[in-house]
Structures are given as C-alpha cells and as structure tokens.
Amino acid sequence: GAVHSKWEGRCSACGAWNTIIEEREEAAPAQSLAATSAKNSTSSIEVSNLNAEIILHPRICSGNEEVDRVLGGGFVQGAAILIGGDPGIGKSTLLLQLAARLSHQMQVLYISGEESKSQVQLRAARLGLAGADVQLATATSVRDILQLLKKLPTPSMVVIDSIQTMYVDTVESAPGTVTQVRAASAELIRLTKKREITLVLVGHVTKEGQLAGPRVLEHMVDTVLYFEGERNHMYRVLRSVKNRFGAAGEIGVFSMGERGLEEVANPSALFLSLREVQVSGAAVHAGIEGTRPMLLEFEALVSPNHYSNPRRAVVGWDSARLAMLLAVLETRAGISFADREVYLNVAGGFKVHEPSADLAASIALISAALDIAVPHDVVCLGEIGLSGDIRPVPHMAARVREAAKLGFRKAICPAVGSDLAEGLALPLHPIAHVKQLPEWVACSFGG
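1. Quick notes on the packing of helix α10 (residues 358-370) against helix α12 (residues 437-445)
When two helices pack together, their arrangement is given by the angle between their axes and by how far apart the axes lie.
(1) Moving on: Between α10 and α12, whose axes approach to 10 Å, the crossing angle comes to 65 degrees. Considering only the axes of α10 and α12, their crossing is right-handed. Where α10 abuts α12, its residues Leu359, Ser362, Ile363, Ile366 and Leu370 lie against Leu437, Pro438 and Val441.
(2) Moving on: When the residues that make up the contact of α10 with α12 are grouped by side-chain class, the tally is 7 nonpolar, 1 polar and no charged.

As structure tokens, this is what we get:
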C-alpha cells in the first residue's frame, strides 16, 4: 500500500525487492475538508455512550464444528471474513460445502470470478451437493455485483471467489493489482456492513505463504483465516490469524476425501503413528494450538556424513530453531552433531510454531544419536534456553490431561512449574537442564 513518486528497486516501506508496480491515478482536485464541512452543516454521525444498549445478533452455526471453533462459535451477521491458502488446497471446496449446509437456514449467494457456473455445478455434483439451494453467479465487475445485491432479496451470506479477480471500472489498473484489490474490497465490505450481510472473501497467497495484495486488506476485514496443508497429505488445517469475534490462533483440522473435506474430531490421535515396533528417533510433543491441546510426533534421523558440510533438513518446524537446538545440545549436553547429518520431521504434515516443542525435538535427536528408542507412552513438553535450562510452558495441565486421555503413562516436563500439572492421572518426570537428557535417555530407555 505504499506510494512512491518514481520506480525504485527496493520498497522503502517493507524492504522487499522488485515489488513496486506502476499504477497511474488521476489526481482529484484539491479541496479543503473544512470548507466542505462548512457548506454541509448536517452530520449523519451518531454519538453514544459505552453503557448504551447493544444489539447482539445470534451466531450462525455452520453445521461444521471445526469451522465454528475457528470462528469463535459460528458466523457473525455483517462480518467480513478473508480466507487464504495455496492453490488447490481446498478453499473453494470448503466454502461450497459450508454454503450448501447454510442454505437450509438462510439465503446464500456464491459468486465465482474464476470458474463458470457449470464448473461449480460439477464440483457440487462430485461432493454430493447438487440438491443444495445455493444461488450461483459468475462475475468479476464489482459494479455488477453491487447491482445484483440491490436487485435480489437480501442474502444472508455472500461468497466471493476470489477477490483477486474482481475489478472496479473507475480504477485504471488490471485486476489483482494492489489498487484494484483495495478498491474492490472496500466497496464490497461497505455494502455488506450496511445491509448486515456476512461476506466471505477468498484470497490468493504469494510463494512466501502470505496473502497477496495490500496488507491493508487484512485490516479491513473482521476475520483472517489461513488454510494450510501439504498436497501430498490428506490433512488440512484452518487457522485463525485475526478474529474480532473470537480467539486468534484457533485451528480446525480436516481430512480430504472423496466427498470433500471432513472434520476431524480428535486430531491428536490422527497425527500420532501406529507403529507396533519401537524405533529410535521418535518423541511425542504435547502442544497447544489456540485453545486446543494437540499431541504431535517428532521424527529425527542422525546419519554419518560423507561430505565436507553435513546437511540439516527440517520439515514442519523452524530450521533456525533446529540450528539453535543442535548448538545447545552440543555445547551444554556434550553430544556432537558436527560430523553427522541431521533430519527432523513433524509427522502428518503438521507445522509447529511454538517453542514448547524444544524438549520433544531434543529427545528425538538424542534418541536417534544414541540409537535408543523412546516408548510410545511417553510425552514431552518444555522450552529450552541457550543456557541449556528447560523452561516451563503455559497450559501444562491441559497438555498433560490430553496425553492422559489418549493413554500416555509418563510426561517429561520442566522441573520449574511441574507442580501446576500435579494431581493428574499421569506421572511426571521433571528435568531441569539438557545435560541430564543423554544420561537419562540411556538409563531410562536403554535397558
């Protein structure tokens, strides 16, 4: 959204290279706002107190518990929601399924700017939704969409797929540019807020995984959702990044099948392996995603290095965090990885962002380096500092309770703060420093 007087190689606002696009706009005649306000003395702005009566609209349940969890209890009337994700991840499939479910209790208008009506109908037939009472339209002009909304009976929900294909004819730039996305979104949000229509916008993402278009678009909407997942995996995660009507960071888990996306009620059991034979290099992490405790499995492989530079590869976790953890284990715990290749993976294609996974990743690496298997009924949680101390993590009781519910029999946790999880049906083994980990793994699991 930054404006430059001339072309530059690097944007002075965000620091990115080769991202400035020329868009010519006609300058409006300069006119003082004070003079205009003086001519029109009447104002339409209403002022009220904080203790004034509030009109609360009931939540609109989508019929999908995972979506309702991410939204904070369901859709809010008059809210603007932006959902983004990689191409082919399942955004249109999810919205078409939600539109079909909501059509039983409200009027839903699905506007596609990328596909024809026949293509949308074919997708609906594959998903078994051909009989749903969803109104379809294909349009890319915002002016035509606004006229359609004024002509039709007021729908309760409008889905725009996608906002990058929409254009405003008063703006002289191509669809998908920063100016067009900002102008089209502003017009659509203004009308839906005025008529209290729930608006759902589909947004494309860049190769870095961020929503394409101006950053101000995320500030204009009420809720921003990201649809994450790997194409090679059947699992998808809907994550709330911003939510004015609920908790940010909440997630919903789905599995992609022949009938579209199906909600997963117990994702902890989904991301754990079902191996009958114990192998080294595997450790279970008790994490928290939003308000939901979730168990994930870290898999590590430490192999001999046959080249001058040993390779470090990580999937589902931060590579910088892995490099820091290897340095701490080598310096504080005395385990050398300098002449070994290290591979770390989060099973199931899930991505872990919280630092409480440090202890599970460390135990998986030590288990792989010593070739000692960690039992399946052991769960780990804790953050590791540069000094090697193991620090407490928030919501320890909820993490331990989830592990006990799934049949785990022991929890490895930080020594500080372990009293917060005492009294639960799961024995705790507190550890204060990483220097205790190699000897503890060898004595406890080495037999």
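Still to come is the rest of the account.
2. A closer look at empty space enclosed by the protein
(1) Moving on: As enumerated under the stated definition, the model contains 4 cavities of 30 Å³ or more in all.
(2) Moving on: In terms of lining, the largest cavity is formed by Val67, Leu71, Phe75, Ile81, Ile83, Leu94, Leu95, Leu98, Val200, Leu225 and Leu238.
(3) Moving on: Of all elements in the fold, only α2 (65-71), β1 (80-85) and α3 (91-102) reach the threshold of two or more residues within the lining of the largest cavity.
(4) Moving on: Per element, the largest residue contribution to the lining of the largest cavity is 3 residues, and it comes from α3.
(5) Moving on: The residue makeup of the lining of the largest cavity, split by class, is 11 nonpolar, no polar and no charged.
(6) Moving on: Here the second largest cavity defines a volume of roughly 60 Å³.
(7) Moving on: Elements supplying a minimum of two residues to the lining of the second largest cavity: β6 (223-229) and β7 (235-243).
(8) Moving on: In terms of residue count, the dominant contributor to the lining of the second largest cavity is β7 (3 residues).
(9) Moving on: Looking at the lining of the second largest cavity residue by residue, the class counts come to 4 nonpolar, 3 polar and 3 charged.

3. What to know about the pairing of strand β12 (residues 312-315)
(1) Moving on: Looking at chain direction, β12 and strand β13 (residues 340-346) are connected through 4 bridges and run parallel. Looking at the pairing, Arg312 lines up with Val342 of β13.
(2) Moving on: Where the polypeptide runs from β12 across helix α9 (residues 319-332) and back to β13, its parallel neighbour, the crossover connection is left-handed.

4. A short note on helix α4 (residues 117-126)
(1) Moving on: Along α4, the positions that sit buried rather than exposed are Val120, Arg123 and Ala124. Buried residues along α4 cover an arc of 100 degrees about the axis, so they all sit on one side. Opposite the packed face of α4, turned more than 90 degrees from it, sit the exposed residues Leu122 and Arg126.
(2) Moving on: Looking at the buried positions of α4, the neighbouring elements they touch are α3, β2 (108-112) and β3 (135-138).
(3) Moving on: Where α4 terminates, the next one or two residues include Gly128, which has phi positive at roughly 75 degrees.

5. Focus: helix α6 (residues 178-195)
(1) Moving on: Given a rise of 1.5 Å per residue, 18 residues ought to cover 26 Å, and the 26 Å separating the end C-alpha atoms of α6 matches this to within 8%.
(2) Moving on: Where α6 is concerned, the buried positions are Thr179, Gln180, Val181, Ala183, Ala184, Ser185, Leu188, Ile189, Leu191 and Thr192.
(3) Moving on: In the core, the buried residues of α6 are packed alongside β1, α5 (142-151), β4 (157-161), β5 (198-203) and α7 (216-220).
(4) Moving on: Trailing α6 by a residue or two, Glu196 shows a phi angle of about 55 degrees, which is positive.

6. Re the sheet that holds β13
(1) Moving on: The 7 strands are arranged β12-β13-β11-β10-β14-β17-β18 in an open sheet whose pairing can be described as mixed. Either end of the sheet is taken by a strand with one partner, and the two such strands are β12 and β18 (428-431). Each adjacent strand pair in this sheet contributes to an overall mean axis angle of 25 degrees, direction not counted.
(2) Moving on: In the sheet, strand β10 (residues 282-289) pairs with strand β14 (residues 378-380) via 2 bridges, with the strands oriented parallel. In the sheet register, His285 faces β14, and the bridge partner there is Cys380.
(3) Moving on: Along the sheet, α9 makes contact with β12 and β13, crossing β12 at roughly 130 degrees.
(4) Moving on: Across the sheet, α10 touches β10, β11 (292-304), β13, β14 and β17 (410-414), and the angle it forms with β11 is around 30 degrees.

7. Focus on the packing of α3 against α4
(1) Moving on: Running from amino to carboxyl end, α3 crosses α4 at an angle of 75 degrees, the nearest separation of the two axes being 11 Å. Compared by their axis directions, α3 and α4 come out roughly perpendicular. For the pair α3 and α4, contact is made by Ser92, Thr93 and Leu96 and by Val120, Arg123 and Ala124, respectively.
(2) Moving on: Looking at the contact of α3 with α4, its residues break down into 3 nonpolar, 2 polar and 1 charged.

8. Quick look at the pattern of salt bridges
(1) Moving on: Using the criterion set out here, one finds 14 salt bridges in the structure.
(2) Moving on: Between Asp222 and Arg244 there is a salt bridge; the shortest N-O distance is 2.7 Å. With Asp222 in the loop between α7 and β6 and Arg244 in the loop between β7 and β8 (251-257), the pair connects residues that are 22 residues apart, well separated along the chain.
(3) Moving on: Since its relative accessible area comes to 3%, Asp222 is described here as buried.
(4) Moving on: In this structure, Arg239 and Glu228 form a salt bridge, with 3.1 Å as the shortest nitrogen-oxygen distance.

9. Focus: the environment of Phe271
(1) Moving on: If you trace the backbone, Phe271 turns up in the loop between α8 (267-270) and β10.
(2) Moving on: Overall, Phe271 belongs to the buried group, its relative accessible area being 2%.
(3) Moving on: Through-space distance from the C-alpha of Phe271 to that of Glu297 is 6.9 Å; in sequence the pair is 26 residues apart.
(4) Moving on: Excluding its chain neighbours within four sequence positions, the residues that come into contact with Phe271 are Tyr235, Val253, Met294, Leu295, Leu296, Glu297, Ala347, Gly348 and Phe350.

What counts and what doesn't
Residues numbered from 1 in each chain as written. Predicted model: local features only at pLDDT ≥ 70, side-chain atom pairs only at ≥ 80, totals over all residues. Heavy atoms only, no water. Axes fitted to C-alpha atoms, helices over the stretch in contact; angles between N-to-C directions. Helix = DSSP H or I, 4+ residues; strand = E, 2+ residues; numbered from the N terminus. Left-handed = near helix turned anticlockwise from the far one by under 90°. Contact = heavy atoms within 4.5 Å. Nonpolar A, V, L, I, M, F, W, Y, C, P; charged D, E, K, R; others polar. 1 Å grid on protein atoms, 1.4 Å probe; cavity = no way out; pocket = protein on both sides within 12 Å on 5 of 7 lines; lining within 4 Å. Points joined across faces, edges and corners; volume = space filled by probe spheres on them. Pairing = 2+ DSSP bridges. Right-handed = clockwise from strand over helix to strand, strands pointing away. Buried < 20%, exposed > 50% of the residue type's maximum accessible area, 1.4 Å probe, protein only. Arc of directions from axis to C-beta. Expected span 1.5 Å × (residues − 1). Parallel < 35°, antiparallel > 145°, perpendicular 65-115°, else oblique. Salt bridge = Lys/Arg side-chain N within 4 Å of Asp/Glu carboxyl O.

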